[in-house]
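Summary of structural features
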Amino acid sequence: MRFIYYIVSSFVVIFVSMLFFPNESQADTRELFEVGETLLNVRSEPSDQAEIIGKLQAGDQLVAFEEKYGWIKTFYDGKEAWVAGHYLHNIGQVSEAKETEEEKIKVVTKNTHIRSGPGSSYSSIGTLPAGKSYRLIETKGEWHQIEVNNGQNGWIASWHTDTPAQEATSASVSAHTIKAPDQQTSSITSATKPLDGYHIMLDPGHGGKDSGAMGLKNVYEKNITFTTAQKIADKLREAGATVLTTRSKDTYISLDRRVELSHSNKTNAFISIHYNAFPDSSVSGLNTFYYSKKNDLRLAENVHTSLTASIDMKDRGILQKNYRVLRTNHAPSILLELGFITNPNDLAKIQSESFETNVAEAVTDGLKNYVQE
Ligand SMILES: [Zn+2]
């Protein structure tokens, strides 16, 4: 249900049209895609020679009904329509069931206490058996609020469920435990580091079943966003920051979950890392995206200035875009598109030995400037 709120109003037609295609809606799941950075042509046939019947904006979402030669069939103004798959990021699945289905979590520990609040200090209002599932209302830190029965709510520890409160929580714990001795020694031997006390959340784009864009030489976006994020994390930690990532392995994490993780960790800056793709292989360069002028723009400017000063790649500028990880994020947040994996020159640079290190240093410098301003 949730995703419906994110559909750009003109695009509701797709869902309306789903209702008029009973044959189509029998299948249990459909892939949901978000349109990438460019104005995307909607065509009448799966071919770039076919008539253009409309355009989509970055951030628009569409449901895929079929895939043919890299083209995705959807519905536009009630008509069958095709868009080039290259421009799309897979952001999950939808199904008729899923639109009404609530998120459920399963209790895995016998006699799990239900508490009146999100912590073990809150009073127990009962216990739950292992093996039963409950509707999830919200997650706060490591605690899930669930509907127990008859509309009555309570809180249970996420470690007693099949949905632990994810890597970020444990990462946050380990970051603190690793950092403590570090800080003790540094307080004796040296001055504080420039990013001491700052919580930076890095968001390697895509993962798991969502491979992101596919580039030349079978490069998957999800793999390089991951290695780049790790390099950036290392540099930021050297500069004193507490760094968390939205995923620590090749797993699928929803966009909403990425934002939740950002919120649950008092993030001072959220940086989503992506690589771009385009059907025309001559398109190249790097972009920084932000959503809120008030919250994000200054972060975008600092990081982008630093990136373009040290990375030898076409500067495609700082742009405002309606990306969900930015729009719904309370923390200052930006999204980096660090070159086109469909452009041979960009890809050669991206795959060079120094690229990720240079990006990591540039992002770190940009953040240092950001916190000093
Ligand atoms: Zn991406």
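Heads up: the structure comes first, above all this text.
Right, let's walk through the structure included here. As a convention, each chain's residues are numbered from 1 in the sequence order in which they are written. For this predicted model, a pLDDT threshold of at least 70 governs which residues receive local features, and a threshold of 80 or more governs which side-chain atom pairs are given and counted, while totals over whole chains, interfaces and linings are taken from all residues. Side-chain metrics in this entry use all non-hydrogen atoms of the structure; hydrogen atoms and water are not considered.

**Topic: the overall build of the chain**
Working definition: helices are DSSP H or I runs of at least four residues, strands are E runs of at least two. Numbering for both runs from the N terminus. The helix and strand inventory of the chain stands at nine helices and 20 strands. Per-residue accessibility, obtained with a 1.4 Å probe over protein chains only, is compared with the maximum for each type, and a residue is labelled buried under 20%, exposed over 50%, and partly exposed between these values. Looking at the chain as a whole, 50% of its 373 residues qualify as buried. We call two residues contacting when some pair of their heavy atoms lies within 4.5 Å. Within the chain, contacts between residues at least 6 apart in sequence are counted, and of these 70% link residues at least 24 apart. In the structure as shown, the chain presents an accessible area of about 17,600 Å², 49% of it carried by carbon and sulfur atoms. Residue-level accessible areas treat just the shown protein chains as cover; the underlying method is Shrake-Rupley with a 1.4 Å probe.

**A closer look at the coordination of the zinc ion**
Here the zinc ion is held by the protein donor atoms His206 (NE2), Glu221 (OE) and His274 (ND1), which lie 2.1 Å from it. If you list the donors of the zinc ion from N- to C-terminus, the spacing comes out as H-x14-E-x52-H. Of the two residues, Glu221 sits in helix α4 (residues 221-238) while His274 sits in strand β17 (residues 269-276), which places them 53 residues apart along the sequence. Look at Glu221 and you get buried, because its relative accessible area is 0%. Water is not part of the atom set, so a site may look incomplete; the donors themselves are N, O and S atoms within 2.8 Å of the metal, or 3.2 Å for Na, K and Ca.

**Brief notes about the pattern of salt bridges**
Definition used for salt bridges: Asp or Glu carboxyl oxygen within 4 Å of a side-chain nitrogen of Lys or Arg. All told, the structure shown has nine salt bridges when counted by the stated rule. Between Glu147 and Arg135 there is a salt bridge whose closest N-O contact spans 2.8 Å. Remark: Arg135 occurs in strand β12 (residues 133-140) and Glu147 occurs in strand β13 (residues 143-149); sequence separation between them is twelve residues. Assessed through its relative accessible area of 27%, Arg135 is described here as partly exposed. A salt bridge links Arg298 to Glu373, with the shortest nitrogen-to-oxygen separation between them at 2.7 Å. Taken together, the positions of Arg298 in helix α6 (residues 297-310) and Glu373 in the segment after α9 (355-372) put the pair 75 residues apart, joining distant regions of the chain. For Arg298, a relative accessible area of 36% gives the class partly exposed.

**Description of α9**
A helix is expected to span 1.5 Å multiplied by its residue count minus one. With 18 residues, α9 ought to run about 26 Å at 1.5 Å a step, and its terminal C-alpha atoms sit 26 Å apart, in line with that. All of the buried residues in α9 are Phe355, Glu356, Val359, Ala360, Ala362, Val363, Thr364, Gly366, Leu367, Tyr370 and Val371. Where α9 is buried, its residues contact β15 (199-204), α4, β17, α6, β20 (333-340) and α8 (344-350).

**Re unusual backbone geometry**
Most of the time, phi is negative for any residue but glycine, and the peptide bond is trans. With a phi angle near 55°, Lys217 is a residue other than glycine that sits in the positive phi range. As for its placement among the helices and strands, Lys217 is situated in the loop between β15 and α4. Lys217 gets classed as exposed once you look at its relative accessible area, which sits at 66%.

**Remarks on the layout of surface pockets**
Lining residues are those with an atom within 4 Å of a point, where the points come from a 1 Å grid over the protein atoms alone and group into cavities, where a 1.4 Å probe fits but cannot get out, or pockets, open sets with protein on both sides within 12 Å along at least five of seven lines. Grid points are joined across faces, edges and corners, and a volume is the space filled by probe spheres set on the points. Estimates place the volume of the second largest pocket at around 610 Å³. Residue lining of the second largest pocket: 28 residues in total, with Gly70, Ala84, Gly85, His86 and Tyr87 positioned closest to the centre. Contributions of two or more residues to the lining of the second largest pocket are made by β1 (30-35), β2 (40-43), β5 (66-68), β6 (71-76) and β8 (88-94). Considering each element in turn, the lining of the second largest pocket owes the most residues, three residues, to β2. Domain boundaries shown here were taken from an automatic or database domain assignment. Each of domain 1 (2-99) and domain 3 (166-372) accounts for three or more of the residues forming the lining of the second largest pocket.

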